Amino acid sequence: GASRDLPSSAAVVALASAAGAGVAVRRRSQRTKGSGRGSAATRVRAVQTPYPQGVYDPVAAAGYFQARPLAVLVRALQLMTELGGFGAKLFIDKQTGSSEANAVTRGGELTGMLTRLGPTFIKIGQAASIRADLLPPAYLVSLQELQDRVPSFPTEKADEIIEAELGLAVGELFVKISEKPIASASLGQVYRATMRDGPEVAVKVQRPGMEDIVALDLYLLRVGADPLQWFLRVTNSGVNSDLVGVIDTWGEGFVGELDYRKEAQNARDFQKAIEETPLRGAVFAPPVIASCSSAKVLTTEWVDGERLELSTAEDVTKLCFVAMTTYLTMLLETGTLHADPHPGNLLRASDGRLCILDWGLVTTLSKDFHVAYIEHIAHLVSGDYEPVPSDLVRLGFVPEGKEQDVINSDVVKVLADVYGQWSGGGGAKAVDIQALFNGIQGLSDRYGNIFRVPPYFFYIARTFVVLEGIGLSNDPNYSVISECLPYVSQRMLSDNDPGIARALRSFVYGAQKDSPSRLLDPERIENLTRGMSSYTLATSGLNVQLNPAKEVARLTDQLSEMLLRDIEEAGSEGSSSSTSPTRRPTPLQDLVLDEVAKVAGAAARRAVWSLPFFREREGPRPRTLAPDEQDHKALDTLSRLVEKLSPRAELLLAQLRVLPLQEQQEVAMEVLQRLWQYREDAFRVGGRLMAKLVAQGLRRAQEDLTAAGR
């Protein structure tokens, strides 16, 4: 769009003086440094506001609006007129049996009504647009328009807000700025500008009077919540939610979004956290220009790019993987989840990175949640169903004390079917992600007294549906479920948290994880290794491309760290500072050593027993030397595992063989050098393996002696 070239304030004043005239100069270029935030009029907050502390406060808002009955009456009449008229149409549709036939029309009317009612109701519509449990599909499609088609407010008002908030004339801040907003949302609108002392920027300006508008609507919704809840109860609607509590919870987040300083901090926190992961350099939030931002104005560096779902670039599928892995990282690792994942907030930057916009709405999840969710996935996928009821309590799906009710229902079976498709191999491509989430929501409909879908889950569902749509538009074989496997695999294999360790054992052993006779599941091991390989290859390709030798060396380092390095723990309290830290194996190392010892022992016993002396021996077979049924099962499992993994190993070797001889030599030298660095760790791990083999032999010898004494 057109841009306005803006002279500085000093230049405007000089020109006006030289002309000797009291020419009226537009407010935009007339303000000077001394007439903005520095003046008392723009600096002092009103004596009374709905939220004196700048946070959601229903008690303070009630007192504020009880002193303004006329404003309340006017707004209440508008709401009753609009909502009552739409409700009457729905009632007639229901009575005439035409609800389904008129769904598209009513969806459009609902979107129009919410737009007329203003920011609060636009925001409600945007939140409802992801709730397939509440509204028919036709309504959801129409409500999606609220993400992109929100009416703008006059630019002159935006100028006044910028100047009042930042204390400088717009012309003092920017060389030029777009005549009209380039985007308009429920809370504000965005202009493209060029700063006088810096880069191109995006300037988001909050709509005027937002606090009063939002506070009044929330006050009226809260007033109407109790009568509505009474009506729903006496009509046996089946809706038993605490409506006042729902409004208060939503209001806290909504009012929090009105302070752009929080949004700026959310973006900075995300960027700092993502820099500590393999996704650094692949995804980012636009850097905030702190000197040009405030509670109602947010300025960020301009990002050249295009909406991800509209891009025709070849790397869109890769960026869908980046987006999915980023959201899983937020959900299960960093703990701050971007809660507004509609397509307009995902950009493919011109440099090929993924850019995530709009950090006003986030939800925070604890570390306990991260671990609990990964354990929950492992339990369901592996068929280890006994802990699932407790998982559901920890994750907020089931009220505490209702575990037995869950066991008596088919909740676990339905969830197992849903999550079981997560490990469905090639069949995952045919999975309808929306159908999966609808299946989970259906449990809430059927078992509302014991099963509820927590709010965070709808954000997850929305993210998955959005990313699936973008991925399928670029690749008909795209599978959002398959995209989850790499991240979850690398977490289970590389995270030493005790809860993740339990998840790993549950995933590979299933319900037999605590049994001495447990056996690995080759299919799940293949899934884990394939997922870990995909994650490693994908994230390594996101940044600087390494030569083959460096890449193999990096992989060698990664495997050595996972299998050979120990967890170091500080000495106990009271010990001298010179005491060496305590070392213990990682959960993965311990699991691998158990399996290697089991297979090595079985192979040794089979080899010994195949000797003529033992093979021709009559009488009881001593367990110390003779292979038993568990040995045969362990060796059979190893054979099936090798069969599963050998094609992947052969492919890797084939890729190395085609390299020039010099590069092959470089790869070999890099691997040997890296392994040499882990020699002490390898000796220590070898000692642990020998200890396990000795313990295994002693246990069998004891069993032989016990049997002989009977």
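Residues numbered from 1 in each chain as written. Predicted model: local features only at pLDDT ≥ 70, side-chain atom pairs only at ≥ 80, totals over all residues. Heavy atoms only, no water.

Participant: Sorry, what's going on with the overall build of the chain here?
Facilitator: Within the chain, the secondary structure is distributed over 29 helices and 14 strands. Here the chain holds 710 residues, and the buried ones make up 45% of them. For the chain, the exposed area adds up to about 35,600 Å²; of that, 57% sits on carbon and sulfur atoms. (Helix = DSSP H or I, 4+ residues; strand = E, 2+ residues; numbered from the N terminus. Buried < 20%, exposed > 50% of the residue type's maximum accessible area, 1.4 Å probe, protein only. Areas by Shrake-Rupley, 256 points an atom, 1.4 Å probe, with all protein chains shown as cover.)

Participant: I would appreciate a short explanation of empty space enclosed by the protein in the present structure.
Facilitator: The gaps of empty space that remain are located by a probe, the size of a water molecule, rolled over the atoms. Applying the stated rule across the entire model yields four cavities of 30 Å³ or more. Lining the second largest cavity we find Tyr327, Leu328, Leu331, Leu337, Tyr459, Ile460, Thr463 and Phe464. When residues of the lining of the second largest cavity are traced back to their parent elements, those giving at least two are helix H14 (316-334) and helix H20 (455-474). Considering every element that reaches the lining of the second largest cavity, the biggest residue donor is H20, with four residues. Its residues placed into classes, the lining of the second largest cavity shows seven nonpolar, one polar and no charged. (1 Å grid on protein atoms, 1.4 Å probe; cavity = no way out; pocket = protein on both sides within 12 Å on 5 of 7 lines; lining within 4 Å. Points joined across faces, edges and corners; volume = space filled by probe spheres on them. Nonpolar A, V, L, I, M, F, W, Y, C, P; charged D, E, K, R; others polar.)

Participant: Got a minute to help me understand the nonpolar core in this structure?
Facilitator: If you look at soluble globular proteins, the nonpolar side chains tend to sit buried side by side. Within the largest apolar cluster, 87 residues are counted, with the highest numbers of intra-cluster contacts made by Leu392, Phe397, Phe451, Tyr456, Phe457, Met492 and Val508. Looking at this core element by element, the count peaks at 12 residues for H14. Leu392 has contacts with His376, Phe397, Val398, Val406, Val411, Leu415 and Phe451, leaving out every residue within four places of it along the chain. Core analysis: the next-biggest nonpolar cluster, separate from the first, contains 41 residues, Val72, Ala76, Leu146 and Leu187 among them. (Core = buried A, V, L, I, M, F, W, Y, C linked by side-chain atoms within 4.5 Å. Contact = heavy atoms within 4.5 Å.)

Participant: Even after reading the chapter, I still don't get the sheet that holds strand E11 (residues 354-356), so can you show me in this structure?
Facilitator: The strands making up a sheet associate through hydrogen bonds between their backbones, and the pairing can be parallel or antiparallel. The mixed open sheet is built from four strands, whose spatial order is E6-E11-E10-E8. Each end of this open sheet is capped by a strand with a single partner; those strands are strand E6 (283-284) and strand E8 (305-307). As paired elements, strand E10 (residues 346-349) and E11 share three bridges and run antiparallel to each other. Each residue of the ladder has a partner; that of Arg348, found in E11, is Leu354. Packed onto the sheet, H14 meets E6, E10 and E11 and runs at close to 45° relative to E11. (Pairing = 2+ DSSP bridges. Axes fitted to C-alpha atoms, helices over the stretch in contact; angles between N-to-C directions.)

Participant: Help me understand the pattern of salt bridges, please; the structure alone is not making it clear to me.
Facilitator: A side chain of one charge can pair with a side chain of the opposite charge when the charged atoms of the two come close. With the rule as written, the count across this model stands at 40 salt bridges. Residue Arg505 pairs with Asp594 through a salt bridge whose shortest N-O separation is 3.5 Å. Of this pair, Arg505 sits in helix H22 (residues 498-509) while Asp594 sits in helix H25 (residues 587-609), and the two are 89 residues apart along the sequence. With its nearest N and O atoms 2.6 Å apart, the salt bridge here joins Asp681 to Arg565. Linking Asp681 in helix H29 (residues 679-708) with Arg565 in the loop between helix H24 (548-563) and strand E13 (566-569), this pair joins segments that are 116 residues apart in sequence. (Salt bridge = Lys/Arg side-chain N within 4 Å of Asp/Glu carboxyl O.)

Participant: How should I be thinking about the environment of Val608 in this particular structure?
Facilitator: Looking at where Val608 falls in the secondary structure, it is placed in helix H25. Accessibility expressed as a relative area gives 27% for Val608, which makes it partly exposed. Placed 18 residues apart in sequence, Val608 and Ala626 show a C-alpha to C-alpha distance of 7.8 Å.

Participant: Explain the packing of aromatic side chains to me, please; I cannot follow it from the model alone.
Facilitator: Aromatic ring pairs are described here by two measures, namely the spacing of the ring centres and the angle between the planes. This structure, assessed with the given rule, holds nine aromatic pairs. Residues Phe397 and Phe457 carry aromatic rings whose centres are separated by 5.5 Å and whose planes lie at 75° to one another, so their mutual orientation is edge-to-face. A residue pair is termed long-range when its members are at least 10 positions apart, and Phe397 in the loop between helix H16 (388-394) and helix H17 (403-408) and Phe457 in helix H20 qualify at 60 residues. Take Phe457: its relative accessible area is 3%, and that puts it in the buried class. Counting every residue linked through ring pairs, the aromatic cluster contains Tyr64, Phe65 and Tyr219. Positioned above the aromatic ring of Tyr64 is the side chain of Arg68, whose terminal nitrogen or guanidinium carbon lies 3.7 Å from the ring centre. Lying across the ring of Tyr260, Lys204 places its NZ or CZ 5.1 Å from the centre. (Phe/Tyr/Trp six-rings, centres within 6.5 Å; stacked < 30°, edge-to-face > 60°. Lys NZ or Arg CZ within 6 Å of the ring centre and 35° of its normal.)

Participant: Teacher, can you tell me more about the layout of surface pockets here?
Facilitator: Its volume calculated, the second largest pocket comes out at about 1,600 Å³. What lines the second largest pocket is a set of 45 residues, among which Thr529, Ser533, Leu559, Leu645 and Arg648 lie closest to the centre. Within the residue set of the lining of the second largest pocket, elements represented by two or more residues are H22, helix H23 (522-540), H24, H25, helix H27 (629-657) and helix H28 (661-677). Examining the composition of the lining of the second largest pocket, we find that 12 residues originate from one element, H27, more than from any other. Tallied by class, the residues present in the lining of the second largest pocket amount to 33 nonpolar, eight polar and four charged.

Participant: I would appreciate a short explanation of unusual backbone geometry in the present structure.
Facilitator: Most peptide bonds take the trans configuration, and most residues that are not glycine carry a negative phi. Positive phi is not limited to glycine here, since Asp358 has a value of about 65°. Note on placement: Asp358 falls in the loop between E11 and strand E12 (362-364). On the basis of relative accessible area, Asp358 is assigned to the partly exposed category, the value being 24%.

Participant: Could you clarify how one ought to interpret a nonpolar patch on the surface in this entry?
Facilitator: Among the surface-exposed residues, Leu70, Leu73, Val74, Leu77 and Met80 lie close enough to one another that they form a single nonpolar patch of about 530 Å² accessible area. Tracing the sequence through the fold places Leu73 in helix H5 (residues 69-96). Take Leu73: its relative accessible area is 47%, and that puts it in the partly exposed class. (Patch = residues over 30% accessible without salt bridge, like charges linked within 9 Å, V, L, I, M, F, W, Y side chains within 5 Å.)

Participant: Before we go on, may I ask you to explain the side chain of Asp248 in this structure?
Facilitator: Residue placement: Asp248 occurs in helix H12 (residues 243-257). If we ignore the near neighbours within four places in the chain, the residues touching Asp248 are Tyr56, Pro58 and Arg222.

Participant: Could you clarify how one ought to interpret helix H15 (residues 367-382) in this entry?
Facilitator: Helical geometry note: an α-helix holds 3.6 residues per turn, so side chains three or four residues apart project in the same direction. For H15, built from 16 residues, the straight-helix expectation of 22 Å at 1.5 Å per residue is met to within 8% by its first-to-last C-alpha distance of 23 Å. Buried residues dominate H15, accounting for 14 of its 16 residues. Immediately beyond the C-terminal end of H15, within one or two residues, lies Gly383, with a positive phi of roughly 80°. (Expected span 1.5 Å × (residues − 1).)

Participant: How should I be thinking about the packing of H5 against helix H6 (residues 103-117) in this particular structure?
Facilitator: When two helices pack together, you describe them by how their axes are tilted relative to each other and by the distance separating the axes. Look at H5 against H6: their axes get within 11 Å of each other, and the N-to-C directions meet at 175°. With respect to their mutual orientation, H5 and H6 come out roughly antiparallel. Here H5 contributes Arg75, Gln78, Leu79, Glu82, Leu83, Phe86, Lys89, Leu90 and Asp93 to the contact with H6, which in turn contributes Arg106, Glu109, Leu110, Met113, Arg116 and Leu117. Here the residues of the contact of H5 with H6 sort into seven nonpolar, one polar and seven charged. (Parallel < 35°, antiparallel > 145°, perpendicular 65-115°, else oblique.)

Participant: For this particular structure, what's the right way to read the packing of H22 against H25?
Facilitator: Here H22 crosses H25 at 35°, and the two axes come no closer than 10 Å. Crossing handedness for the pair H22 and H25: right-handed. Side by side, H22 and H25 meet where Ala501, Leu504, Arg505, Val508 and Tyr509 of the first sit next to Pro587, Leu588, Asp590, Leu591, Asp594 and Glu595 of the second. Taken together, the residues of the contact of H22 with H25 break down into seven nonpolar, no polar and four charged. (Left-handed = near helix turned anticlockwise from the far one by under 90°.)

Participant: In this structure, what is going on with the confidence of the model for the chain? I would like to understand it.
Facilitator: With 83% of its residues at a pLDDT of 70 or more, the chain shows a mean pLDDT of 81. Scored below 50 in pLDDT, residues 8-47 shows 55 contacts in the model against residues more than four places distant or in partner chains. Here residues 422-430 is modelled with pLDDT under 50, and outside its nearest four sequence neighbours on either side it reaches 17 contacts, counting other chains as well. (pLDDT = per-residue confidence, 0-100.)

Participant: I tried to follow the environment of Val552 on my own but got confused; where do I start?
Facilitator: As for its placement among the helices and strands, Val552 is situated in helix H24. Along the chain, Val552 and Val671 lie 119 residues apart, while their C-alpha atoms are 7.1 Å from each other. Here Val552 is in contact with Leu656, Val667 and Val671, once residues within four sequence places are set aside.

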